[in-house]
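Understanding the architecture of this molecule
Spelled out, the chains give:
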Amino acid sequence: MQQIEFDTKWTMVVDIDKCSGCGSCMVSCQAENNIAPMEDGSNKLKTLTWMLVYELNNGKEFPERESAYLPRPCMQCGNPACVPVCPVVATTKDEEGGIVSQIYPRCIGCRYCMAACPYHARYFGWFDPIWPEGMEKALSPKTSTRPRGVVEKCNFCHTRLMDARARARAEGMDPNKLPDGWYKPACLESCPTGAISFGDSKNPEHKVHDLIKDKNAFRILESIGMDPQVYYISRRDWVREQSDNHLPKDKH
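Summarised in this report is the structure supplied together with it. (Residues numbered from 1 in each chain as written. Predicted model: local features only at pLDDT ≥ 70, side-chain atom pairs only at ≥ 80, totals over all residues. Heavy atoms only, no water.)

**Some thoughts on the state of the cysteines**
Inspection of the entire model under this criterion finds zero disulfides. Here C82 stays unpaired: no disulfide links it, and the sulfur of C74, its closest cysteine neighbor, is 6.4 Å away. (Disulfide = S-S within 2.5 Å.)

Below you can see the structure in the form of structure tokens.
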């Protein structure tokens, strides 16, 4: 699959050292994208969590023990392994900005994309979504609900991108050249510590343009060539190594 270069590259940067692991990004993602609560949230094989926070630790005992939290959305890879394996073109990467789409009506639930994703960022809907009585009245009106039997994943709150582009058109601006801050995923808005930044990493006027060049910035499993559009920052060596599955013999 030939990689497409877009003029805009929507990019998320997570400062792991600022993340407290509170999970507000996970909750806001569930609410924004109409993800129903699970009957058994402890069954990680059948739950849906587009944004998942992993706990890391340095493996040492108290008082040297340190912990960190790594929020993991879909990486929106430049070379997405999920796209070429889909037999019905239900997932594509062809829209300006580089967000990997998921077209639910086309999905046949074969789960090839889930097997191909090295980040385990895709989820299969084992159950029809059911909300507690009354909660269905608070669903996000712009996000479609999904039936069981299809694959779901983070799309950087794509409906918010559509809203930002509509606002730009209304104000006579280029919808593909959004100012910094016009398009924010729900997880960013709910983060109480400001750990998440988002924007066009190809635009020098956007904050993430400089953040991805930070000396402590890295991408998960960068060595396998997926070219993810999610970056992380940590000033701690063990966090960077653990996040990228470093082996003791690997060079830094």
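Next comes the rest of the write-up.
**Digging into the sheet that holds strand 7 (residues 217-218)**
Pairing within the open sheet is mixed, and its four strands lie in the order 6-1-8-7. Lying at the two open borders of the sheet, with one neighbouring strand each, are strand 6 (196-200) and strand 7. Of the strand pairs in this sheet, strand 1 (residues 10-15) and strand 8 (residues 230-233) are connected by four bridges, and their pairing is parallel. Within strand 8, the position partnered with V13 by the bridge is Y231. (Pairing = 2+ DSSP bridges. Helix = DSSP H or I, 4+ residues; strand = E, 2+ residues; numbered from the N terminus.)

**With respect to the environment of R236**
Mapping R236 onto the fold places it in the loop between strand 8 and helix 7 (237-243). Residues within four places of R236 in sequence aside, it is in contact with I16, D17, E66, S67 and A68. A distance of 3.1 Å separates a polar atom in the side chain of R236 from a polar atom in the side chain of D17. Side-chain polar atoms of R236 contact the backbone oxygen of S67, separated by 3.3 Å. (Contact = heavy atoms within 4.5 Å. Polar contact = N/O pair within 3.5 Å; in protein donor to acceptor, adjacent residues only side chain to side chain.)

**Description of the side chain of R122**
Examined against the element boundaries, R122 turns out to sit in strand 4 (residues 122-124). With no salt bridge to any partner, buried R122 finds its closest opposite charge in E152, at an N-O distance of 10 Å. At 2.7 Å, the side chain of R122 and the side chain of T91 are in polar contact. Among the polar contacts made by the side chain of R122, one reaches the side chain of Q102 at a distance of 2.7 Å. When neighbours within four sequence positions are excluded, R122 is seen to be in contact with C82, T91, V100, S101, Q102, C113, M114, C117, V151, E152 and K153. (Buried < 20%, exposed > 50% of the residue type's maximum accessible area, 1.4 Å probe, protein only. Lys, Arg positive; Asp, Glu negative; His and termini not counted. Salt bridge = Lys/Arg side-chain N within 4 Å of Asp/Glu carboxyl O.)

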